[in-house]
Amino acid sequence: MNGRSPHQRHGSTTVVALVVAVLAVSSSAPLIAFAAAPALAIAFWRNGLAAVALTPVTLGPRRGELRGAGRRALIFGLLAGVALAAHFATWMPSVQLGSVATATALVATQPVWQGLIAAAQGRRPSAAGWLGIVVAVAGAAWATGADVGVSATAVLADVLALLGAIAVAVYTALGEQARATLSTTTYTWICYGTCAAVLLAVCLIAGVDLAGYDRRTWAAILALVAGAQLLGHSMFNYALQRTSATTVSVLALLEVPGAALLAWVWLGQQPRPAALPGLLLLLTGVAVVILGAARAGRPAIDPALAD
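One structure accompanies this document, and this report is about it. (Residues numbered from 1 in each chain as written. Predicted model: local features only at pLDDT ≥ 70, side-chain atom pairs only at ≥ 80, totals over all residues. Heavy atoms only, no water.)

**Notes on helix 10 (residues 184-206)**
Moving on, step 1. Look at helix 10: 32 Å from first C-alpha to last across 23 residues, which is about the 33 Å you get at 1.5 Å a residue.
Moving on, step 2. In the stretch just after helix 10, G207 is the one whose phi turns positive, near 70°. (Helix = DSSP H or I, 4+ residues; strand = E, 2+ residues; numbered from the N terminus. Expected span 1.5 Å × (residues − 1).)

Next up, the structure:
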């Protein structure tokens, strides 16, 4: 017989969801690098196919929830999808225009924007929370070896990466609001479907090739759908009901060492020894955020929130 309370079990489930999410999204960058397709096309397919995969459940067992969903929750879900599309439409091109290291470091500023959004909502992070955010972001920048360029193209890439960080922070904040009343499946179906529709329009206007890829590229896209999208983003969305958007954003930074490890195993891109202190700094920042929230009486993962 399990002696744990329902609240403890909910907390454990959220921890597992976050671990799975970090591991799954860590596969994103290596798979994108492996796939021989335009970045925006990959973004469209990963969201579109994920929405298709969720349709039987959303329009089947979850149909009643979708029909009874409040207008506020639906609007937040739709806006979250638009913000996610903005993230993909800015950050992914920044990787192609500039360096992967710089784009990764700049998009890792997401927790800073998340903290500012939380402060604007009247939920200002604690001093320990801000310290952890700064340390984690600095660690991510160190680990990725950010080298901000000075050419016009490099500056454009840097601006796009920063916009991508702001967009994903807005996406997470909107998702936190939508998840207050919508289940993970219903919310992600609305969000991914909206994101795919926006990206499809962008791809058609820009003349991006959406087909004609080789088998290994389609295999990489399907792996992105199953891993980074359905397991990664969806598990982060699940966790948003029991932990703050700021905490989720900081934990998402663990994608940096995860992606580096997978790139080493899959692509032979051995991590630079100089990056190891940065990874340690990143992990320290994450720990400070979590411990700081706990000491302030606001646990990073709240098991008392309802499903």
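**Focus on the state of the cysteines**
Two cysteines, two sulfur atoms, one covalent bond between them: this is a disulfide.
Moving on, step 1. Evaluated as defined, the whole model comprises 0 disulfides.
Moving on, step 2. C195 takes part in no disulfide bond, and the closest cysteine sulfur to it belongs to C191, at a distance of 6.5 Å.
Moving on, step 3. Using a relative accessible area of 0% as the deciding quantity, one classes C195 as buried. (Disulfide = S-S within 2.5 Å. Buried < 20%, exposed > 50% of the residue type's maximum accessible area, 1.4 Å probe, protein only.)

**Regarding the pattern of salt bridges**
Moving on, step 1. Inspection of every chain in the model, using the stated rule, returns 1 salt bridge.
Moving on, step 2. As a salt-bridge pair, R62 and E65 come within 3.5 Å of each other at their nearest N and O atoms.
Moving on, step 3. In this structure R62 comes out as partly exposed when scored by relative accessible area, which is 34%. (Salt bridge = Lys/Arg side-chain N within 4 Å of Asp/Glu carboxyl O.)

**Notes on the packing of helix 7 (residues 110-120) against helix 9 (residues 152-178)**
Moving on, step 1. Across the interface, helix 7 lies against helix 9 with an axial gap of 8 Å and an inter-helix angle of 45°. If you check the angle between helix 7 and helix 9, you find them oblique. Considering only the axes of helix 7 and helix 9, their crossing is right-handed. In contact with Q110, W113, Q114 and I117 of helix 7, helix 9 contributes L162, A165, I166, V168, A169, V170, T172 and A173.
Moving on, step 2. Looking at side-chain class alone, the contact of helix 7 with helix 9 contains 9 nonpolar, 3 polar and no charged residues. (Axes fitted to C-alpha atoms, helices over the stretch in contact; angles between N-to-C directions. Parallel < 35°, antiparallel > 145°, perpendicular 65-115°, else oblique. Left-handed = near helix turned anticlockwise from the far one by under 90°. Contact = heavy atoms within 4.5 Å. Nonpolar A, V, L, I, M, F, W, Y, C, P; charged D, E, K, R; others polar.)

**Looking at the packing of aromatic side chains**
Moving on, step 1. Per the counting criterion, the structure on display carries 3 aromatic pairs.
Moving on, step 2. Connected via pairs of aromatic rings, a cluster forms that spans F44, W45, Y213 and W218. (Phe/Tyr/Trp six-rings, centres within 6.5 Å; stacked < 30°, edge-to-face > 60°.)

**Observations concerning the side chain of Q110**
Moving on, step 1. Note on placement: Q110 falls in helix 7.
Moving on, step 2. Residue class for Q110 comes out buried when judged on its relative accessible area of 11%.
Moving on, step 3. Within the structure, the side chain of Q110 is placed 3.4 Å from the side chain of T172, a separation counted as a polar contact.
Moving on, step 4. Look past the residues within four positions of Q110 in its chain and what remains in contact with it is A165, V168, A169, T172 and S249. (Polar contact = N/O pair within 3.5 Å; in protein donor to acceptor, adjacent residues only side chain to side chain.)

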